Every structure is written in structure tokens, then in C-alpha cells.
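Spelled out, the chains give:
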Number of protein chains: 2
Amino acid sequence: MAKEKKLVASITSMEEDFAQWYTDVVKKAELIDYSSVKGCMIIKPAGYAIWENIQAELDRRFKEAGVSNVYLPMFIPESLLNKEKDHVEGFAPEVAWVTHGGQNELQERLCVRPTSETLFCDFYKNDIHSYRDLPKVYNQWCSVVRWEKETRPFLRSREFLWQEGHTAHATAEDAVERTEQMLNIYADFCEEVLAMPVIRGQKTEKEKFAGAKATYAIEALMHDGKALQAGTSHNFGDGFAKAFEIQYTDKNNQLQYVHQTSWGLSTRLIGGLIMVHGDDSGLVLPPKIAPVQVMVVPIQQQKEGVLEKANALYEALKGQFRVKVDDSEKSPGWKFAEQEMRGIPVRIELGPKDIEKGQCVLVRRDTREKVQVSLEEVSEKLSILLDTIQTEMFERAKAHRDAHITDAHNYEEFKRALEEKPGFIRGMWCGDRACEEKIKEETTATSRCMPFEQQQISDVCVCCGKPAKKLVFWGKAY
Amino acid sequence: MAKEKKLVASITSMEEDFAQWYTDVVKKAELIDYSSVKGCMIIKPAGYAIWENIQAELDRRFKEAGVSNVYLPMFIPESLLNKEKDHVEGFAPEVAWVTHGGQNELQERLCVRPTSETLFCDFYKNDIHSYRDLPKVYNQWCSVVRWEKETRPFLRSREFLWQEGHTAHATAEDAVERTEQMLNIYADFCEEVLAMPVIRGQKTEKEKFAGAKATYAIEALMHDGKALQAGTSHNFGDGFAKAFEIQYTDKNNQLQYVHQTSWGLSTRLIGGLIMVHGDDSGLVLPPKIAPVQVMVVPIQQQKEGVLEKANALYEALKGQFRVKVDDSEKSPGWKFAEQEMRGIPVRIELGPKDIEKGQCVLVRRDTREKVQVSLEEVSEKLSILLDTIQTEMFERAKAHRDAHITDAHNYEEFKRALEEKPGFIRGMWCGDRACEEKIKEETTATSRCMPFEQQQISDVCVCCGKPAKKLVFWGKAY
């Protein structure tokens, strides 16, 4: 038992130090490793397999929504990045610059893409001529680079993986519609697949994307009460089109500017998964995203017939579930601890006594509940159990989130709530950037979003007391 | 008809100018677009969809072979790149260097990965401790950068997409076995899925990968008689392990160096597909890799019931095939020309007269052969037809390849064959690098590989006349 203890004891508890708990989990669950490149991470098989599942499911939903995948260069010439004023101001301070190709200095510096609006604009400028060419609904799966000073695995890394969609439309309405459609795809995906409840809303002017007319976002609440921006969708109107001269000929043979959107979701979401569902034994993965849904653990596997039966069970289940058998020479207790660390939703224990009785034991990772199931019914029961786990994980996360939303009617209540019950604070806002800045400076909380479902919980701004315009979700954020 | 003519006439014929034909096809079939970043390409939806199919099928085969996917940083610190002498000599002259992050100059330059051996070594050095940690069989799908002077879409681009596998093993034999296994996976994939016959063999010392002990390759023959290296697999022995000190403790508690391999296949393969199967009407795609396998073209679609029937046909076929309906307002002739350009394997023509007779017409892209098929049987016949096309495309490509292999017994025959019948030349070789260099300088042909299936077609070297050691496939190459 010494070894098992060591494995489990090696995680700091959430209560003690949430940040250290997070770091321990990403390392011990073998999701990432640190690399020799400062601020960049190595995504190991267990971490990358989660990303592959995110990609597969999201890509399927994208394609149903008429999205085509493309691939654009990873480099952006400096002059191209400079074309849209707000955009370059937002990104230039944090890009990596390529100055030499082989032995030669380049005539013009190239930045490694921090995001690809400018490249897509340059492409669309040549590719769009007539209304018949619209809409363009393209996406790419790639890595991007932002030269951050403080980094944390998944949450803030100098290089990260993401998808970035970039669309061009004939009308302003089409662009708004697409921006909302993609935000809803993100939100549904987070809730249905990652069991992660999110708030859908619009960013304030201060928090919107550099160069956007409007930014929509989904915001999730982590276990420590901090918010995580889990995905964003931007409406650019015709701002970029004017900067890049992207025009089309309409049905009346008139030149018109296109209207554009972009939307992105990244490996940061894996950080969200960890912090929404994890516990002091490690990762807890929702069945729909778990690379391994079920691990069969033979008990007393050296006894005759045990391994055979475990393998037979694997064969019976593998068509329907992502299942594995752990037939390594480790002790069962060690295996249990490892699988808990990795967040595998269900383990099946199968020993000589179970086999005698024609049964096995299903153990849930999330609640640790055990049920005995006859071997004949295991496939059917497992299917129901995985659905139950998925549903209950969402419900638990939602209950936790809802229990950590506090309404504040004035600045005193606002500050007290932040101190006493970290989470989202709902507070009215006058619309003035000065109030956002004051709140951020004094409390480090920021406006997370103006939810689509607005409500008038007070008539005055939670900060300055002037007439209120919008309900805002506030919070400290990753 | 004017428009159709324009579309078709806009491709240069292969006979007239093969290079221009290639450029025309990649543009007109909308596979790529040029970008503002010199030497980098934009992969458009039709091109990227081919890459997605390559990825999906190859990744499936990798996973069956025990490969796990990971993701390592795109940057390599200069000091890390410098650790293996041969490797840095091979790659340093053609890498892009990042010198600044944001406003600050970096303390150490970072190159954008041209390939990731050094990063994987650095990772494995920390990740491998005991024989229990072996083998490591990891792969990543990513883009790499090589600062080439002359570029061509897919074939040689400053940035390209690929997969790179990197493995570490306990013994030299395990590494050799993995190198061969992966080469065979590549070869089988090319032949079975891309209908592209390949020669499997080993590279000479001169042509092997920088830092490798042995490089194996698959070589395909293009329509113009030039060779294309379609995939490579390298055995490093313990060379990199010694440079990076990657050691493990064996069962006897002794420290041992690991043995490593790497293997890669890239978007260059799409260039190969074009040049093996294409014709003067554009692309010809093998059914197994074609993003759209079947296009339904309604004839006189404005007539009552035609579009309805076309859509019903689509509904009946979509579960089994990758099928689309072209119900745009273009003329049927224009649609035919477009689909030929895009290489869609089969089109189904369906007009009022066909509907009356309860039939439709299947037209093969590769041979243009037409068959009338009753609407009841269309799914079954289509399935057989696509298999036939796949098989016959491979057979035609193989017949062309075999017809362009010439045996040369001396240097005169060698040079004459290169002039008169461009293709592979089989010629014996003494093993001396000087002969390879002389042949390359005088004829521009290079040693492509020493085939696994060796044969003694002569006792003397085709260049110098000294005793021969190996049969070599020679040829001009992309």
C-alpha cells in the first residue's frame, strides 16, 4: 500500500492550495510536461487524446453548420498585421518575430500568428468577387503564439492549439447571425459534452477583441470561484473589410464591403475541464470526452481464468465503449489510484469471486459509488451508468456554479461577496469604462459578460450609483 | 458552351508543359492559393479535405500500430538544435529564426521546427527512466518550416503540414523493426488508398537524413517520369541518445542508451496524387481519398420532378458514399467540366428521360466511360464501380511506372535512357559516393533508393565500371 499512498499523497489538496493542486493534476495525470522552451508545454498522450476528442466532436458540429476547413500560413508579414489599427495595437506587443531565414536577414519581419484575421482578410480580398462567392465560412485547426510573461499549462501558454473560424458575409445581419450561431455551438458543446455549464453573453467595449465591433463569449465557473472565458465569437462588421478593401459585386452590380466574423476555442478548455470537475484524487472526466471511458481491472489476475474473463469482457464491450484492460503487474490498489488520477469515468472490478457469481463491480469515478452487475447485463448497465454520470456531472457543476452567483446592489455588497463567496457577481453597470477600471484596480475582478438574458436587479450602477444600463456578470478570472 | 471551353482551355496540356499543367491544376481545382508570405501556400477547402482524409486513414493505421499522438512546441532553442552535429549541419542553413518576443530581444534564438528530433530527445531524456517506460511510440500532426529558395505548391513549400513519428526502444532490433513497420504502413497506404505504386528501399549514405544511421524511403513515379520521395522512415540507432544522454535502466539495473526512429509523411503527397493520376481535364482522385466521391447532376433541372428525384437519389446514397448534388444554376456542361477539374470519381446524370425510364447514367472520371443503371440498383452498382475505379487507377499507375523503369548496364545506357525514356533507371552501384556525385552533376539524376528486393542485373557499377555492390533505382526527382 506504500506506493498507492505515495501517488495519492503527492497531490496537494484543493482546499490547501488550488493553484498547486492544478499543477499537480496536470503533471500526475500525465497531461503535460514542461519543455526546454520557456512558457511552452508538451502535451502528452493523455492530454492530447482529450484534445482529439474535443476536435472530433466540435469539427462534426462545425461541418453540420456549413464550415469548411482550410490552412493558412503561420507567418504574418509586419505590414499586413499593421493594416487594422486596433488589431495591431492589441496584438503587436505579444508576438514572436522571425527576422532571419537560414543565414539571411529577411527584408520584412514576419510574426508568428497570434490569430489570423489579417491573413484571412488578405486571402478573402483575392478570393471574393461576387455575391455568388458569399458566404465564406472557413476554419482552421492550428497552433498560435502569444508571448505571455506569466504562463500556466493549458490556461496561458506561449504556444497553444486552437481552432479559428473566419467568415465573410454579404450583409451585417448575416454576420451577426453567424457570430451568435457559433457561440451557441460552443455553449452547447461545453454543456452537452464537457458537462460544463456556461453563461452566454456579450463582452463590454473594454474587454472585446482588438478590432471587433462586438465580442460574444461563454464564461464558465471553476471550482475555486474564478471565471474562465471558454470561447469567444466576434462580429467585425465591415471594419476589417474597409481596412483590407474586401469588396464584392452585389446583384445590382454595386460594390459592397463584406461583413466578417471570427470565433475561437482552444486547449485552454482542458484547463477548464480539470478545474470544473477535478477532485483531490485527480482528474474527473465526463464520459463523452474521456479517451478511456471504462477500465477493466482484474483482481487476483494470477488466478486461473481471471485474465481470460477480463479479456472476454473487454472484447464484449469494445465495440460500444472506449474500454481498456489494465493487466499490468501493479497491485489493484495502485491501479485504482492511477485510474482515479487519470479521471477514467468507470472502472470494472472483476475477481475470482465475481466470476463465480457471474458478476462484476462497476465503480464510478465521480461519486465512487459501487454497483454489482451481472456479466450478462454489463453492457446495458454501463451504457445507462455513463449517461447518468454525464448528466449528474453537469448538474453538480451547475449547482456549484449557481451557488456561487451573488447579486450585488452596491459597491459594499460587491466587495463583500468577492471576499466571502468567490464566484460570479451579478451587478448592474452604468456603461462607463471608468467603473470597470475602478473595480478591476480595487478588486482585480473584471466584467466577464453582459448576459443575453438581461434582468434589472437594481436601477443603479453597482460601482458609481449612477443610472444602470446593463446587467453584468463580474468575477476574478483566469 | 463558351464558358465551359474557357474553363477547360485554361489548363495547359501535360504534353506541352508539365510544370505549367501542374500549376494550373492546383489553382483551377481550387486546392491552393498563393499567399502574401513568399513561399507559403494557402490550402483551400478542396485541398484541405484531401489532407483530412489522408490524416484520418493514416492516423487509424498508426493507432492500430500502437502509436499515440502528442504535441511538442514549434520552437527549438538554438543550443538544443546544435546538440547532434550531423543534424544541425543538415537543417541549420534552412531554418527560420525567432529573435524577438514582443518588444524584447530573446536571450537565445529559437528556430521554428524544421523537424522535431531534438525536441523529442529532450523530452524523452526526462520521460524515460526504466525499461518499463519503453517503447515510446509517439507521433504529432503539425506544420514545419524550411526556408527553401525555390518553392512549388505541395512539393516544396516554406511551411508544410505533416506528421512526424518519434520512437524510443530498448534494443537496436526493436528500432529497426519499427523503422520498417512504419515504412510498410506508408507504402500500403499509398498503394491501397492513393492508388500510387511505390518502390520500398533504403537511401544511400549521401541521401540519408541528417543524423540518421539508415533512412528508408518509398519512391513513386510521376506522370512526367520524375520520382517523388513520398515518405521516409529513419533508424537513428543510439546516435541521438548519446548526444542527448537518453538512458534507461534495464532489467539487470544497468544503464543503457535507447535506440530511436523517426518517420514522416507530408502534404507533398497531394502533389504526388495530382502528378500520378491527373490528366488534361484536371485532377483525378482515387475514390478512397476523394472528399466527394459522387456528384449528382440533374439535367434540365427546371423541369418538374427532376430536382426532387436528384435529391431523393442523394438521400438514398448519402449513408454509403460521400455524395453531393450540384443544383446550382450553371449549365450541365459547365458542371461536368468543373467536376472533372476537381477529380470527382463518378458523376451521376439524371434528366427527365432517365427518370421516365427509371434509370440514371454513371460517368467515370478516370475513363469517361458511361453506364446506364436502373435507379433501384444504383447504390449496389456504384459501390462496385468505385472499387473498380480504385483498382484500375492503381493498375494503370503501376503499368505506367513499370513501363518507365529501364535497366542500364553502363553509363552510356544510363544517359540514353534518361534522355529517351524519363523514369526510374535500375543500375548497379559500387557503393562509392563519387559515382553518385558524378551522375548527379552530369545528368541531374540522383540515387532514389536501394530497393529491398535486390537483384544483380550486372557485375559492375553503372558509372565507374568497378565491382558492383547494390542495385539502385536512379532518377530525376522532385
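Residues numbered from 1 in each chain as written. Chains lettered and ligands numbered in written order. Predicted model: local features only at pLDDT ≥ 70, side-chain atom pairs only at ≥ 80, totals over all residues. Heavy atoms only, no water.

Asker: Explain the overall build of chain A here, please?
Answerer: Looking only at helices and strands, one finds 15 helices and 23 strands in chain A. The C-alpha atoms of chain A give a radius of gyration of 25 Å, which matches the 23 Å a tight globule of 478 residues would have. C-alpha extents for chain A along the principal axes are approximately 80 × 55 × 50 Å. When the 478 residues of chain A are sorted by exposure, 59% land in the buried category. In chain A, once contacts between residues fewer than 6 apart in sequence are set aside, the share between residues at least 24 apart is 68%. (Helix = DSSP H or I, 4+ residues; strand = E, 2+ residues; numbered from the N terminus. Rg over C-alpha atoms; globule rule 2.2 N^0.38 Å. Buried < 20%, exposed > 50% of the residue type's maximum accessible area, 1.4 Å probe, protein only. Contact = heavy atoms within 4.5 Å.)

Asker: Honestly, the pattern of salt bridges in this entry has me stumped. Any pointers?
Answerer: In a structure, side chains of opposite charge can pair up when their charged atoms sit close to one another. All chains considered together, the criterion is met by 70 salt bridges over all chains. Salt bridges sharing common partners tie together Asp279, Glu340, Arg347, Glu349, Arg365, Arg368 and Lys370 of chain A. (Salt bridge = Lys/Arg side-chain N within 4 Å of Asp/Glu carboxyl O.)

Asker: It is not clear to me how the packing of helix α2 (residues 18-28) of chain B against helix α9 (residues 268-277) of chain B should be interpreted in this structure. Could you clarify?
Answerer: The description of two helices packed together rests on the angle between their axes and the distance between the axes. Residues and elements named next belong to chain B. At their nearest, the axes of α2 and α9 sit 11 Å apart, and the two run at 115° to each other. Helix-helix and strand crossings are classified by hand; for α2 and α9 the assignment is right-handed. Between α2 and α9, the contacting residues are Phe18, Trp21, Tyr22, Val25 and Val26 on the first element and Gly271, Ile274 and Met275 on the second. Residues that form the contact of α2 with α9 fall into these classes: 7 nonpolar, 1 polar and no charged. (Axes fitted to C-alpha atoms, helices over the stretch in contact; angles between N-to-C directions. Left-handed = near helix turned anticlockwise from the far one by under 90°. Nonpolar A, V, L, I, M, F, W, Y, C, P; charged D, E, K, R; others polar.)

Asker: What is the right way to read the interface of chain A and chain B from this model?
Answerer: It is common to give the size of an interface as the accessible area that goes away when the parts come together. The interface of chain A with chain B comprises 49 residues on the first partner and 49 residues on the second. One salt bridge connects Lys44 of chain A with Asp127 of chain B, and the closest N-O pair in it is separated by 3.0 Å. One can count 23 residue pairs in polar contact (both at pLDDT 80 or more) joining chain A with chain B. Considering every element that reaches the side of chain A that touches chain B, the biggest residue donor is strand β5 (residues 96-101) of chain A, with 6 residues. When its residues are assigned to classes, the side of chain A that touches chain B shows 30 nonpolar, 10 polar and 9 charged. In the sheet, β5 of chain A pairs with strand β5 (residues 96-101) of chain B via 5 bridges, with the strands oriented antiparallel. By the bridge assignment for β5 of chain B, Ala96 of chain A is matched with Gly101 of chain B. (Polar contact = N/O pair within 3.5 Å; in protein donor to acceptor, adjacent residues only side chain to side chain. Pairing = 2+ DSSP bridges.)

Asker: What am I meant to see in the sheet that holds strand β3 (residues 68-69) of chain B here?
Answerer: Paired through their backbone hydrogen bonds, the strands of a sheet run either parallel or antiparallel. Residues and elements named next belong to chain B. Within the open sheet, the 11 strands sit side by side as β3-β7-β8-β14-β11-β10-β9-β22-β23-β21-β20. Their pairing is mixed. Two strands close off the open sheet at either side, each with one partner strand: β3 and β20 (405-407). Alignment of strand β8 (residues 159-169) against strand β14 (residues 259-266), held across 8 bridges, turns out to be antiparallel. Each bridged residue has a counterpart across the sheet, and for His166 the counterpart in β14 is Ser262. Along the sheet, helix α13 (residues 378-403) contacts β9 (199-202), β10 (214-221), β20 and β21 (424-429); its crossing angle with β20, the most-contacted strand, is approximately 25°.

Asker: Would you take a moment to explain the pairing of strand β11 (residues 227-237) of chain A for this structure?
Answerer: Consecutive side chains of a regular strand alternate in pointing toward one face of the sheet and then the other. All names here are of chain A. Of all 11 residues that make up β11, 10 are buried, and the element is covered over most of its length. The hairpin formed by strand β10 (residues 214-221) and β11 contains 5 residues between the paired strands, and Gly225 there has a positive phi angle of roughly 90°. Strand direction decides the pairing type here: β11 and strand β14 (residues 259-266), joined by 5 bridges, are antiparallel. Residue pairing in the sheet places Gly237 in a bridge with Gln260 of β14.

Asker: Help me understand unusual backbone geometry in this model?
Answerer: A cis amide bond links Leu134 of chain A to the next residue, Pro135 of chain A, at an omega of -5°. Looking at the element boundaries, Pro135 of chain A is found in the loop between α6 (117-127) and β7 (136-145). The phi angle at Glu245 of chain B is positive, at roughly 55°, despite the residue not being glycine. Its place among the elements puts Glu245 of chain B in the loop between α8 (239-244) and β12 (247-249).

Asker: Explain the relation of the copies chain A and chain B to me, please; I cannot follow it from the model alone.
Answerer: The pair of chain copies shares a relation made of a rotation about an axis and a shift along it. Screw-axis analysis of chain A against chain B gives a translation of 0.0 Å along the axis, an RMSD of 0.0 Å, and a rotation angle of 180°. Between the two chains, the operation in question is that of a two-fold axis. Within chain A, the C-alpha atom positioned nearest to the axis of rotation is that of Val98 of chain A, 2.1 Å from it. Mapped onto chain B, 100% of the interface residues of chain A are again interface residues, and the two copies thus contact each other with one and the same surface. (Least-squares fit on C-alpha atoms with pLDDT ≥ 70 in both.)

Asker: It is not clear to me how the packing of aromatic side chains should be interpreted in this structure. Could you clarify?
Answerer: Here the distance between the centres and the angle between the planes together describe a pair of aromatic rings. Tallying each qualifying case throughout the model produces 38 aromatic pairs over all chains. Here Phe120 of chain B and Tyr124 of chain B contribute two aromatic rings whose centre-to-centre distance is 5.9 Å and whose plane-to-plane angle is 55°, an arrangement assigned as tilted. Linking Phe120 of chain B with Tyr124 of chain B, this pair stays in helix α6 (residues 117-127), spanning 4 residues, or about one helical turn. Under the relative-accessibility criterion, Tyr124 of chain B is labelled buried at 0%. Arg347 of chain A extends its terminal NZ or CZ atom over the ring of Phe336 of chain A, reaching a point 3.7 Å from the ring centre. Over the ring of Tyr478 of chain B we find Lys226 of chain B, and its NZ or CZ is 4.7 Å from the ring centre. (Phe/Tyr/Trp six-rings, centres within 6.5 Å; stacked < 30°, edge-to-face > 60°. Lys NZ or Arg CZ within 6 Å of the ring centre and 35° of its normal.)

Asker: When you look at the side chain of Ser233 of chain B in this model, what are you seeing that I'm missing?
Answerer: Residues and elements named next belong to chain B. If you trace the backbone, Ser233 turns up in strand β11 (residues 227-237). A relative accessible area of 0% means that Ser233 is categorised as buried. A polar atom in the side chain of Ser233 sits 2.8 Å from the backbone oxygen of Thr179.

Asker: Would you take a moment to explain the sheet that holds strand β19 (residues 370-374) of chain B for this structure?
Answerer: Residue and element names in this part refer to chain B. The strand order across the open sheet built from 5 strands is β16-β15-β17-β18-β19, with neighbouring strands paired in mixed fashion. Sheet topology places β16 (323-325) and β19 at the edges, where each strand pairs with a single neighbour. Averaged over all pairs of adjacent strands, the angle between their axes in this sheet comes to 25°, without regard to strand direction. Across 5 bridges, strand β15 (residues 294-298) lies against strand β17 (residues 346-350) in parallel orientation. Bridge assignment links Val296 to a residue of β17, and that residue is Ile348.

Asker: Whenever I open this one, helix α10 (residues 306-317) of chain A confuses me. Can you help?
Answerer: The α-helix advances 3.6 residues per turn, and as a result positions three or four apart in sequence lie on the same side. Residues and elements named next belong to chain A. In this model α10 runs 17 Å from its N-terminal to its C-terminal C-alpha over 12 residues, within 8% of the 16 Å that 1.5 Å per residue would give. Val306, Ala310, Leu313 and Leu317 are the residues of α10 that are buried. All buried residues of α10 fall inside an arc of 60° around its axis, so they share one side. Across from the buried face of α10, at angles greater than 90 degrees, the exposed residues are Glu308 and Ala316. Close packing links the buried residues of α10 with β15 (294-298), β16 (323-325), β17 (346-350), α12 (352-357) and α13 (378-403). (Expected span 1.5 Å × (residues − 1). Arc of directions from axis to C-beta.)

Asker: Whenever I open this one, the environment of Trp21 of chain A confuses me. Can you help?
Answerer: Residue and element names in this part refer to chain A. Position of Trp21 relative to the elements: it lies in helix α2 (residues 18-28). Separated by 259 residues in sequence, Trp21 and Asp280 have C-alpha atoms that sit 7.8 Å apart. Among all residues touching Trp21, those that are not within four sequence positions of it are Ile11, Thr12, Ser13, Met14, Ile274, Met275, Gly278, Asp279, Asp280 and Gly282.

Asker: I tried to follow the pairing of strand β18 (residues 359-364) of chain A on my own but got confused; where do I start?
Answerer: All names here are of chain A. For β18, a buried count of 6 out of 6 residues is recorded, marking the element as mostly surrounded by other parts of the structure. Going residue by residue along β18, you find Gln359, Val361 and Val363 tucked away on one face and Cys360, Leu362 and Arg364 tucked away on the opposite face as well. Where β17 lies against β18, 4 bridges are found, and the strand directions are antiparallel. Residue pairing across strands places Arg347 opposite Val363, the latter belonging to β18. Pairing of β18 with strand β19 (residues 370-374) involves 5 bridges; the strand directions are antiparallel. Each residue of the ladder has a partner; that of Gln359, found in β19, is Ser374. Between the end of β18 and the start of β19, which pair antiparallel, lie 5 residues, with Arg368 showing a positive phi angle near 65°.

The values reported here are purely geometric and, on their own, carry no functional implication.
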